[in-house]
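Read off the chains here:
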Amino acid sequence: MKVTTDKLNSNLVKDVEEISGQKVSACFQCGKCTGGCPVVWAMDVFPHQVLRYAQMGLVDELLHSKTLWICASCQTCDSRCPRGVDIPKVIEALRLTIIREKGGNYLHPKDLPARVRENAPQQGLVSAFRKYAK
């Protein structure tokens, strides 16, 4: 992973903050969000790392992360954040940013681990597929 001044000056943080209404730079990497996340076992980038990647403008790393599509938006991380950052809103803004830039189908049932498919609330799965699949 290489951080350059171009990446640090990218518009990603501005776009995400505008869409989510959250201050991404407020996160100081305490990791409480990650410690409480019930689906962290399936993530390739932990919730606090998502915020750090966004702060550093690491768009490509976020674009290729499965974490954005695995987050259940259960609000556990939000309730644990000492800085009041609503991480599910930030992740949702990242999803929308990616969809707007790339277009296409970003959620397929085969991408979800069997454990998630079997145990996730059906209403949540249907909502996700309506939103992120063609």
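Conventions adopted
Residues numbered from 1 in each chain as written. Predicted model: local features only at pLDDT ≥ 70, side-chain atom pairs only at ≥ 80, totals over all residues. Heavy atoms only, no water. 1 Å grid on protein atoms, 1.4 Å probe; cavity = no way out; pocket = protein on both sides within 12 Å on 5 of 7 lines; lining within 4 Å. Points joined across faces, edges and corners; volume = space filled by probe spheres on them. Helix = DSSP H or I, 4+ residues; strand = E, 2+ residues; numbered from the N terminus. Salt bridge = Lys/Arg side-chain N within 4 Å of Asp/Glu carboxyl O. Buried < 20%, exposed > 50% of the residue type's maximum accessible area, 1.4 Å probe, protein only.

Engineer: Please give an account of the layout of surface pockets that cites residues and values.
Structural biologist: In this structure, the largest pocket occupies an estimated 570 Å³ of space. Taken together, 26 residues make up the lining of the largest pocket; nearest its centre are I70, C71, A72, A120 and L125. Considering every element that reaches the lining of the largest pocket, the biggest residue donor is helix 10 (residues 122–132), with 7 residues.

Engineer: Account for unusual backbone geometry, with residues named and values stated.
Structural biologist: A positive phi angle, near 65°, is found at Q29, a position not held by glycine. By the secondary structure assignment, Q29 is in the loop between helix 2 (12–20) and helix 3 (32–36). Non-glycine residue S73 carries a positive phi angle of around 55°.

Engineer: I'd love a proper account of the pattern of salt bridges, names of residues and values included.
Structural biologist: Across all of its chains, the model carries 1 salt bridge by this definition. In this structure, the salt-bridge partner of R95 is E92, at a minimum N-O distance of 3.0 Å. In this pair, R95 and E92 both sit in helix 8 (residues 87–102), 3 residues apart, roughly one turn of the helix. Comparing R95 with E92, the two get one shared label, buried.

Engineer: Talk me through the environment of G35; I want residue IDs and the actual numbers.
Structural biologist: Secondary-structure assignment places G35 in helix 3. For G35, a relative accessible area of 60% translates into the label exposed. Between the alpha carbons of G35 and T76 there is a distance of 9.7 Å; along the sequence they are 41 residues apart.

Engineer: Which residues make up helix 4 (residues 47–55), and what are the values?
Structural biologist: Helix 4 sits mainly inside the fold: 7 of its 9 residues count as buried. Those residues of helix 4 that sit buried are P47, H48, V50, L51, Y53, A54 and Q55. A positive backbone phi angle near 70° is found at G57, which sits one or two residues after helix 4.

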